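Survey of secondary and tertiary structure
In case you want the letters, here they are:
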Amino acid sequence: MSTPLRHDLTYDAPLAEVAAMLADPAFREAVCDAQHALSRTVTITGTTESGSVAVDYAQAANGVPSFAKKLVGERIEIAQREQWSGNHAALEITIPGKPGEMKGTITLTESGGTTVQRVAADIRVNMPLVGGKAERVIEEILLKALRKENQVGREWLAR
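Nothing here was measured: the structure is a model prediction, and the numbers come from that model. (Residues numbered from 1 in each chain as written. Predicted model: local features only at pLDDT ≥ 70, side-chain atom pairs only at ≥ 80, totals over all residues. Heavy atoms only, no water.)

1. A word on the pattern of salt bridges
For the record, the criterion: Salt bridges are identified by distance alone: a Lys or Arg side-chain nitrogen within 4 Å of an Asp or Glu carboxyl oxygen. The numbering of helices and of strands both runs from the N terminus, where a helix is a DSSP run of H or I of at least 4 residues and a strand a run of E of at least 2. Burial status follows relative accessibility: with a 1.4 Å probe on protein chains alone, a residue under 20% of its type maximum counts as buried, one over 50% as exposed, and anything between as partly exposed.
Evaluated as defined, the whole model comprises seven salt bridges. In this structure, the salt-bridge partner of arginine 118 is aspartate 8, at a minimum N-O distance of 2.7 Å. Linking arginine 118 in strand β7 (residues 114-125) with aspartate 8 in strand β1 (residues 3-11), this pair joins segments that are 110 residues apart in sequence. For aspartate 8, a relative accessible area of 33% corresponds to the partly exposed category.

2. Examining the packing of aromatic side chains
Filter applied, for reference: In summary, the pairing rule links any two rings of Phe, Tyr or Trp, Trp by its six-membered ring, whose centres are within 6.5 Å, and it sorts them by plane angle into stacked for under 30 degrees, edge-to-face for over 60 and tilted for everything else. Definition used: whenever NZ (Lys) or CZ (Arg) falls within 6 Å of the ring centre and also within 35 degrees of the ring normal, the charge is taken to sit over that ring.
Counted according to the given criterion, the structure contains one aromatic pair. Considering the side-chain rings of phenylalanine 27 and tryptophan 156, the 5.6 Å spacing of their centres and the 70 degrees angle between planes classify their relative orientation as edge-to-face. Linking phenylalanine 27 in helix α2 (residues 25-34) with tryptophan 156 in helix α4 (residues 131-158), this pair joins segments that are 129 residues apart in sequence. The exposure class of phenylalanine 27 is buried, given its relative accessible area of 0%. Taking relative accessible area as the criterion, tryptophan 156 reaches 18% and is therefore assigned buried. Over the ring of tryptophan 156 we find arginine 159; its NZ or CZ atom is 3.8 Å from the centre of that ring.

Here it is in C-alpha cells:
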C-alpha cells in the first residue's frame, strides 16, 4: 500500500518565470529557510528544460507524533531529487537510512499567464503495523512544506 499525495502550487506568473525560479539555488535555499531547516545543501545543474535539482536538508522533529519520533529521532534528514525534462520532472524524496520514500512527478502548465506546479506522488513506508500511519504523518509534513514553498514562490515572483 501507499498514500497518494496530490497538490497544486499556483503562481500568477508565466511558466518561464516559474521555471527560472525553480532552477534558482537562491529560491530553493529561501524555501529551506522558510521551513526552518536546521541545515541545507542545494545543488542545481541545468534548467527545468533539462537538468537536476538536489536539495538535502534537515528538519527538527517538532510536532511529530511520538511513534514516528521513535523512528526518525529529533532531527529528520530529507533528500529531495528532481530530474527535469521539458516542463516535467521525476521526483523522489527519501529520508536516508529510514524505511520510507516518496516517488512521483512535478508538472508545470500555464494558462492565461498563470502557472500551476502539480505534484503527484505516492508515499510508501515499508513497516508492518505502523507503515500506513507513518505515511499519513509524512503526507501532512509534505503538504505543509509544499504550502510554505508556494508562499515563498509567490513572494519571490512578486519582487
